[in-house]
Amino acid sequence: MKHWLPRAYLTTVYALLYLPILVLVVFSFNSSRTGYRWGGLSLQWYESLFSNHAMVQAMWNSLWLALAAATVSTIIGALTALALHRYRFRGKRVLRGMLFVVMMSPEIVLAISLLALFLLVGLQLGFVSLLLAHVTFCLPFVVITVMARLSGFDESLPEAARDLGASDFTMTRTVLIPVIMPALLAGWLLGFTLSLDDVVVSTFVSGPSYEILPLRIYSMVRVGLKPEVNALGTLLLVFSLTMLILSQWILTRSKR
Amino acid sequence: MKQTLLSLRGVSKVFGDRTVLDALDLDIDDGEFITLLGPSGCGKTTLLRLMAGFEQADGGQILLAGKDISHAPPEHRPLNTVFQHYALFPHMTVFDNVAYGLKMEKRPQQEIRERVEEALAMVQLGDYARRKPHQLSGGQQQRVAIARAVVKRPRLLLLDEPLSALDFKLRRTMQVELKRLQRELGITFVFVTHDQEEALSMSDRVVVLKEGVIQQLGTPREIYERPANLFTARFVGETNLFPGRLERVTDTSITVDVFGVHRTLRKPDFPVLEGQDVNVLLRPEDIRVLEPDADHGLPGKVVERNYKGSTLDSVIHLNDGTEVLASEFFDEDDPTFDYRLGEPVRVSWVDGWEWLLPSEPHDSASERLIDA
C-alpha cells in the first residue's frame, strides 16, 4: 500500500484550487509594479484602489445592488414558496417548472431576452434594469431553498398555533417565519452572492449611469493586469469568507 | 345530572370521493373521558380535527355548550389539542411554548408567569422551563404539549394519539398521569387511539368507529363484555367465535348446538328463531380447559402454550381445526398446572359467560381474529 499516493493526489488538487488565490493575495502586497517579481511588502495598491473614485463608486453600487436584489428576491421568493407549499391552485406545476427553466437556461439567453424586454418597454438601462434582472435570476434559488425547508416543516405547528388562539397572521409572524428563518437567511445570502459577482446578465442590462464592480474589473483587466486588481480580489475574498463564516454560524446556532 | 358539553349532529365529511364521516351523531358529557377507538382510516382523527376546527364539516352541526361552532376558526374555539407528534414550537423555550396561548389572550406578564409555572409544575417539568424542546426526551416533550394545552383552561381537551410515539413503559406511566390530570382539572378529554387496551383502561366511555360510522358507544365494560356486533367483538380484545345453531327457544332460555355439543343458554336481547345461526362469543379468559376424559366440552389438542407470568395462555385446535384461545390464571393449589404441546384436552366455558351475537352476512364466524 502506497500511503503517499492519495496524499500527493489531494495535495495536487488543493494546490490547483488554492495556489492561484494565494498568489493573488501575496502579490496584492507586492510593491513591485512590473511583472510578477517580488519587490517588498507594501500597501500601495490598496491605497491607489481607494483613491480611485470610480472604483470605490462601483464597489458601493455593487453592494447596494446586491443588497436590494437579495432582499427583494427573498421576499418574493419566500411568498412564492409558501404559496406553492400551502395552496393547491391551477397552474401550480407550471409555475414551479418555470422556476427551473429560469435556473437552467443559459445566462446569455436570459440576458438577451431581458435586454430585449427593457428596450421594448423603453426602460432606461441603469439601477432599475439591473435590479429587475438580478431579482429574476436570484428568485428560483430563494424559492428552492425555502421550499426545501418547508418540505420538512411539521404541518401541525401552524395548527397548534391556531389552536392556542393565534390568528393566521399572528401564526405566520410568530411560528412560520421564525421556523423557516434559516432558509430565508440562506436564500438571501445566496442571492447576495449571485448578484455581487454576476457579469453576463449585468453586461447586457447595465447602463453608463450605474457602473458595478465586476464590469469595472473586467474593463480594467482588458488593458492589462494592474496590481490594484490583486488588492481588490483580496478584499472580495475576505468579504466573502466573512459572509460564509457568518452564515454558517447563524445556521448552526439556529439548528432545531 | 350529566350535562352535554359537545354535540355533533349529523356531521359529515367527504374527502374527494371518499366519505370519511357519514351523518354522525355524538354527545359528549361535561367532565367525561371519552375515547374514539378504531382502526386507521376509521375517521377518528378526522372527527377530532372537525372538533378542533382544522377541518370544516361538509354537513351537520357542532355545538359546544349549546353554541354552534361549526364554522368558527380554531382560534375562536374554547378547546385545545394535544398533537400526536407534540407540535412544540422548536424555536421557543419550554416556557414560551406553554406561555404562547396565554400571550395570545393578552394576559398580563405576571399572570402568564404564574400560570405557566403552575402548569409546568403540574407535569413535573418545573426545572425545564429554559430548555428548548429538542433538549427534552419524548415523554418530556409530551408533558410540555399537555401543559401548553391545559394552561388555557379549556372546556375540552382533544388528544390525538398522544402516546403512540412513546415506548411501552413510558406509555403506561403517561396513561396513569393523564387520568390523574383529567381528574384534577375536571376537563373533558376526547382521546383518540387505535390501541384498544389503552381505550379500555383510561376511558369513562368508548366510541368504536369503523368507516366513519359509530359501531358502539358504551363504557369499557359494555364494549368488552357485551359488544354490539362482530366488528367490535373482534377489534376490542381477543375473541373466540363459535358458530352455533338455535335448536330450541323458550321464554327465558335457548338451546344452542355448538360443534355438536348442546348447551342451554340465557336468551339474548335480539330476536331469535329456532334454526337460526348465531355466534357464541367467548373471551380467552372465559374458556375452561378440561382433562380429555371429562364428560363434556369440545375435544381438541394443545398446539401452543405461552407462559405470561400471571396467566397461562394456550392455543387449542379443536378436532375440526377451529383454533381456540384460552387464558387461565394459575391455580396456587396445583403446582403441576401446565400443558404439553400436543396434549389432548377438552374445551368448555363457564355457563353465562358467553355472549351471543346474530350471525352477519359475508362473515365466517369461526374465523379467529386478533385485534389490529
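Residues numbered from 1 in each chain as written. Chains lettered and ligands numbered in written order. Predicted model: local features only at pLDDT ≥ 70, side-chain atom pairs only at ≥ 80, totals over all residues. Heavy atoms only, no water.

What follows concerns the overall build of chain B. A count of helical and extended segments in chain B gives eight helices and 20 strands. By the burial criterion, 52% of the 372 residues in chain B qualify as buried. Roughly 17,600 Å² of accessible area belongs to chain B as shown, and the carbon and sulfur atoms make up 48% of that amount. Put simply, chain B has 45 plus and 59 minus side-chain charges, and the middle of one group is 9 Å from the middle of the other. (Helix = DSSP H or I, 4+ residues; strand = E, 2+ residues; numbered from the N terminus. Buried < 20%, exposed > 50% of the residue type's maximum accessible area, 1.4 Å probe, protein only. Areas by Shrake-Rupley, 256 points an atom, 1.4 Å probe, with all protein chains shown as cover. Lys, Arg positive; Asp, Glu negative; His and termini not counted. Charge placed at Lys NZ, Arg CZ, Asp CG, Glu CD.)

With that settled, consider the packing of aromatic side chains. In total, this model carries 12 aromatic pairs over all chains according to the counting rule given. Measuring from centroid to centroid gives 5.2 Å for W188 of chain A and F192 of chain A, while their planes differ by 15°, and the two rings are stacked. Separated by four residues within a single helix, W188 of chain A and F192 of chain A lie in helix 8 (residues 168-196), roughly one turn from each other. Each member of the aromatic cluster is reached from another via a ring pair, and the members are W188, F192 and F239 of chain A. Above the plane of the ring of F89 of chain B lies R148 of chain B, whose end atom (NZ or CZ) is 4.7 Å from the centre. Taking the ring centre of W349 of chain B as reference, the NZ or CZ of R263 of chain B above it sits at 4.1 Å. (Phe/Tyr/Trp six-rings, centres within 6.5 Å; stacked < 30°, edge-to-face > 60°. Lys NZ or Arg CZ within 6 Å of the ring centre and 35° of its normal.)

Another point: the sheet that holds strand 1 (residues 4-15) of chain B. Residues and elements named next belong to chain B. Read across the open sheet, the four strands follow the order 2-1-4-5; overall the sheet is antiparallel. Pairing within the sheet leaves two strands with one partner each, and these edge strands are strand 2 (18-29) and strand 5 (67-68). Looking at chain direction, strand 4 (residues 59-64) and strand 5 are connected through two bridges and run antiparallel. Residue pairing in the sheet places L63 in a bridge with D68 of strand 5. (Pairing = 2+ DSSP bridges.)

Attention now moves to the interface of chain B and chain A. With 23 residues of chain B at the interface, the matching set in chain A holds 20 residues. When residues of chain B are sorted by the area they lose upon contact with chain A, E75, H91 and Y100 of chain B head the list and together hold 30% of the total. Inspection of the chain B/chain A interface yields two salt bridges. Across the pair R49 of chain B and E159 of chain A runs a salt bridge whose closest N-O atoms are separated by 2.6 Å. Across the chain B-chain A interface, the total number found is seven residue pairs in polar contact (both at pLDDT 80 or more). At the level of secondary structure, the elements contributing two or more residues to the side of chain B that touches chain A comprise helix 1 (44-52), strand 6 (79-82) and helix 2 (94-104) of chain B. Residues of the side of chain B that touches chain A, tallied by class, amount to 13 nonpolar, six polar and four charged. (Contact = heavy atoms within 4.5 Å. Buried area = accessible area lost by both parts, 1.4 Å probe. Salt bridge = Lys/Arg side-chain N within 4 Å of Asp/Glu carboxyl O. Polar contact = N/O pair within 3.5 Å; in protein donor to acceptor, adjacent residues only side chain to side chain. Nonpolar A, V, L, I, M, F, W, Y, C, P; charged D, E, K, R; others polar.)

The biggest cluster of nonpolar side chains holds 58 residues, and the ones touching the most others in it are L47, F89, Y100 and V190 of chain B. Setting aside residues up to four positions removed in sequence, F89 of chain B forms contacts with L157, A160, A161, L164 and V175 of chain A together with N97, Y100, P133 and R148 of chain B. F95, L136, A149 and M202 of chain B belong to the second-largest nonpolar core, a separate cluster that totals 36 residues. (Core = buried A, V, L, I, M, F, W, Y, C linked by side-chain atoms within 4.5 Å.)

Let us now look at unusual backbone geometry. Residues and elements named next belong to chain B. Positioned with a positive phi, R153 is a non-glycine residue whose angle comes to about 50°. Mapped onto the secondary structure, R153 falls in the loop between helix 4 (138-150) and strand 7 (156-160). In this model, E211 sits at a positive phi of 50°, which is unusual for a non-glycine residue.

Residues and elements named next belong to chain B. On the basis of which strands lie adjacent, the open sheet formed by five strands has the order 13-12-11-14-20 and antiparallel pairing. Looking at which strands have only one partner, the edges of the open sheet turn out to be strand 13 (261-266) and strand 20 (355-358). On average, each strand axis in the sheet is tilted by 40° relative to the strand beside it, whichever way the strands run. Here strand 11 (residues 240-249) pairs with strand 12 (residues 253-258) via five bridges, running antiparallel. Following the sheet pairing, G244 is matched in strand 12 by V258. (Axes fitted to C-alpha atoms, helices over the stretch in contact; angles between N-to-C directions.)

To continue, consider helix 4 of chain B. Helical geometry note: an α-helix holds 3.6 residues per turn, so side chains three or four residues apart project in the same direction. Here helix 4 of chain B is 13 residues long and its end C-alpha atoms lie 19 Å apart, about the 18 Å a rise of 1.5 Å per residue gives. Taking burial as the measure, the 13 residues of helix 4 of chain B include 12 buried ones, the bulk of the element. Those residues of helix 4 of chain B not exposed but buried are G139, Q140, Q141, Q142, R143, V144, A145, I146, A147, R148, A149 and V150 of chain B. Packing partners of the buried residues in helix 4 of chain B comprise helix 7 (156-163) of chain A together with strand 6, helix 2, helix 3 (109-122), strand 7 and helix 5 (168-185) of chain B. (Expected span 1.5 Å × (residues − 1).)

With that settled, consider the pattern of salt bridges. Residue and element names in this part refer to chain B. Counted according to the given criterion, the structure contains 24 salt bridges over all chains. Where D277 meets R245, a salt bridge forms, and the shortest distance between an N and an O atom there is 3.1 Å. Highlighted residues: D277 in strand 14 (residues 277-282) and R245 in strand 11, separated in sequence by 32 residues. Under the relative-accessibility criterion, D277 is labelled partly exposed at 36%. The class for R245 is partly exposed, based on a relative accessible area of 45%.

What follows concerns a nonpolar patch on the surface. Together, Y9, L10, V13, Y14, L17, Y18 and I21 of chain A make up a nonpolar patch on the protein surface, roughly 720 Å² of accessible area in all. Following the sequence through the fold, I21 of chain A ends up in helix 1 (residues 4-27). (Patch = residues over 30% accessible without salt bridge, like charges linked within 9 Å, V, L, I, M, F, W, Y side chains within 5 Å.)

On to the packing of helix 3 (residues 53-86) of chain A against helix 8 of chain A, then. Residues and elements named next belong to chain A. Viewed as axis vectors pointing N to C, helix 3 and helix 8 meet at an angle of 135°, and their least axial separation amounts to 8 Å. Taken together, the axes of helix 3 and helix 8 lie oblique to each other. Crossing of helix 3 against helix 8: the hand is right-handed. On the side of helix 3, the interface is formed by S62, L63, L65, A66, L67, A69, A70, T71, T74, A78, L82 and R86, while helix 8 contributes D168, M171, T172, L176, L184, G187, W188, G191, F192, S195 and L196. (Parallel < 35°, antiparallel > 145°, perpendicular 65-115°, else oblique. Left-handed = near helix turned anticlockwise from the far one by under 90°.)

On to the domain arrangement of chain B. Residues and elements named next belong to chain B. Under the domain assignment used here, chain B contains domain 1 (4-232) and domain 2 (239-370). Here domain 1 and domain 2 have C-alpha centroids that lie 38 Å from each other. Taken together, the contacts link eight residues of domain 1 with nine residues of domain 2. Between domain 1 and domain 2, a total of about 780 Å² is buried, with carbon and sulfur atoms accounting for 61% of that surface. Put simply, domain 1 and domain 2 have zero salt bridges between them. The interface formed by domain 1 and domain 2 holds three residue pairs in polar contact (both at pLDDT 80 or more) in total. Per element, the largest residue contribution to the side of domain 1 that touches domain 2 is three residues, and it comes from helix 7 (residues 220-225). Tallied by class, the residues present in the side of domain 1 that touches domain 2 amount to five nonpolar, one polar and two charged. (Domains from an automatic or database assignment.)

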